Every structure is written in C-alpha cells, then in structure tokens.
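As a plain string of letters, each chain reads:
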Amino acid sequence: GEINDSASVALFSFEDQGDGIEGVVYREINDFNSFLGETKLPILVVFYSSSSSTNKLVIPRLEQMADDYRDQLKIVWIDAETETKMAESFSVETMPQFTIVVEAEAKRSLIGYDDAGAANLDELINAYVVPQ
C-alpha cells in the first residue's frame, strides 16, 4: 500500500528509505481480510482511539517493535472509531486493544496500556515470536 500516516488501517513497516535512511513508515492496507489471509508471519493488530492520549505511549513502542521484529511480526494499526465493523469483529470494547493473529485466527489479546504495558506487550507477542 501507499505510505499514509493518517490511514485508518496501516501497517507499521520498517524500511530502507534510500540514502542510508531507515525507519518506520505507515503503509495503508486497503483489504485487511486479504492481508490477514496472505500474511504468514504473526500479526499484532492494534485497535486505538484517535482521541486517546495513550497513543503517545503506544506508538513509540510499536515503532520500536517494527524494527526489533521486522522479519518476524507484522504490526497493524487500526482506528476503531473509523473501522467500526472491524473493531466489532475483534470484540473491541476498550482501547487500545492488542490482538495476536496467526494464520488469520485471533489467538490472544491484551487490553489497555499502563506502566507495565511494554512488558505485557512483549509477553503477549513472545508466545508467538522468538526475539532475536
């Protein structure tokens, strides 16, 4: 998909952007169901509220994870207020909600992000991804 940091469904992707510059970009996902079916790696699906102040804590952690797990995990950022049907299909009631999807099947979720959020998030994904 196109690079779009305001897409309501975006893949956090760590990429070489040329001239020796690497970093995380947000790539719009136009067909989420196809993406789920085609992706062989575990996917961390993150539902958020655009008005939440928690995003300031969550985004840097997810961007770091996109770098740390670049060949082992896909991270998808979804605006639950815009993508209400998707949020309903994942039973999202409280945000942020982090759900691990493996082979198009939701496995486990973590709801909320507090002082222990980074550690809890690591615990959630480490059941499906081996840290390098």
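Here is what the cut-offs are and how they apply
Residues numbered from 1 in each chain as written. Predicted model: local features only at pLDDT ≥ 70, side-chain atom pairs only at ≥ 80, totals over all residues. Heavy atoms only, no water. Phe/Tyr/Trp six-rings, centres within 6.5 Å; stacked < 30°, edge-to-face > 60°. Helix = DSSP H or I, 4+ residues; strand = E, 2+ residues; numbered from the N terminus. Buried < 20%, exposed > 50% of the residue type's maximum accessible area, 1.4 Å probe, protein only. Contact = heavy atoms within 4.5 Å. Lys, Arg positive; Asp, Glu negative; His and termini not counted. Salt bridge = Lys/Arg side-chain N within 4 Å of Asp/Glu carboxyl O. Polar contact = N/O pair within 3.5 Å; in protein donor to acceptor, adjacent residues only side chain to side chain.

Asker: Can you tell me about the packing of aromatic side chains, naming the residues and giving the values?
Answerer: Counting across every chain of the model gives six aromatic pairs. Between the aromatic rings of Phe47 and Phe90, the centroid separation amounts to 5.2 Å while the plane-to-plane angle is 50 degrees, which identifies the pairing as tilted. Taken as a pair, Phe47 in strand 3 (residues 43-48) and Phe90 in the loop between helix 3 (84-89) and strand 5 (97-102) lie far apart in primary sequence, 43 residues in all. Given the relative accessible area of 0%, Phe47 is considered buried. Aromatic pair Phe98 and Tyr113: ring centres 5.9 Å apart, planes at 45 degrees, arrangement tilted. Of this pair, Phe98 sits in strand 5 while Tyr113 sits in the loop between strand 6 (105-111) and helix 4 (117-126), and the two are 15 residues apart along the sequence. For the residue pair Phe98 and Tyr113, the accessibility class agrees, reading buried in each case. A network of ring pairs unites the aromatic residues Phe12, Tyr26, Tyr48 and Trp77 as a single cluster.

Asker: Give me the side chain of Thr54: which residues, what numbers.
Answerer: Within the element layout of this structure, Thr54 appears in the loop between strand 3 and helix 2 (55-68). Once residues within four sequence positions are removed from consideration, Thr54 is found in contact with Pro96 and Tyr113.

Asker: Go over unusual backbone geometry, please, and point to the residues and values.
Answerer: Along the chain, Met95 connects to Pro96 via a cis peptide bond; the corresponding omega equals 0 degrees. Structurally, Pro96 can be placed in the loop between helix 3 and strand 5. Phi at Ser91 takes a positive value of approximately 55 degrees, unusual for a residue other than glycine. We note that Ala104 has phi near 65 degrees; this positive angle belongs to a residue other than glycine. By secondary structure assignment, the location of Ala104 is in the loop between strand 5 and strand 6.

Asker: Could you give an account of the side chain of Asp79, naming the residues involved and the relevant values?
Answerer: Looking at the element boundaries, Asp79 is found in strand 4 (residues 74-79). An unpaired buried charge is present at Asp79: no salt bridge exists, and Lys85, the closest side chain of opposite charge, is 15 Å distant. Within the structure, Asp79 has its side chain in polar contact with the backbone nitrogen of Glu81 (distance 2.9 Å). Setting aside chain neighbours within four positions, we find Asp79 in contact with Ser8, Tyr48 and Ser50.

It is worth stressing that arrangement in space is one thing and function is another; only the former is reported here.
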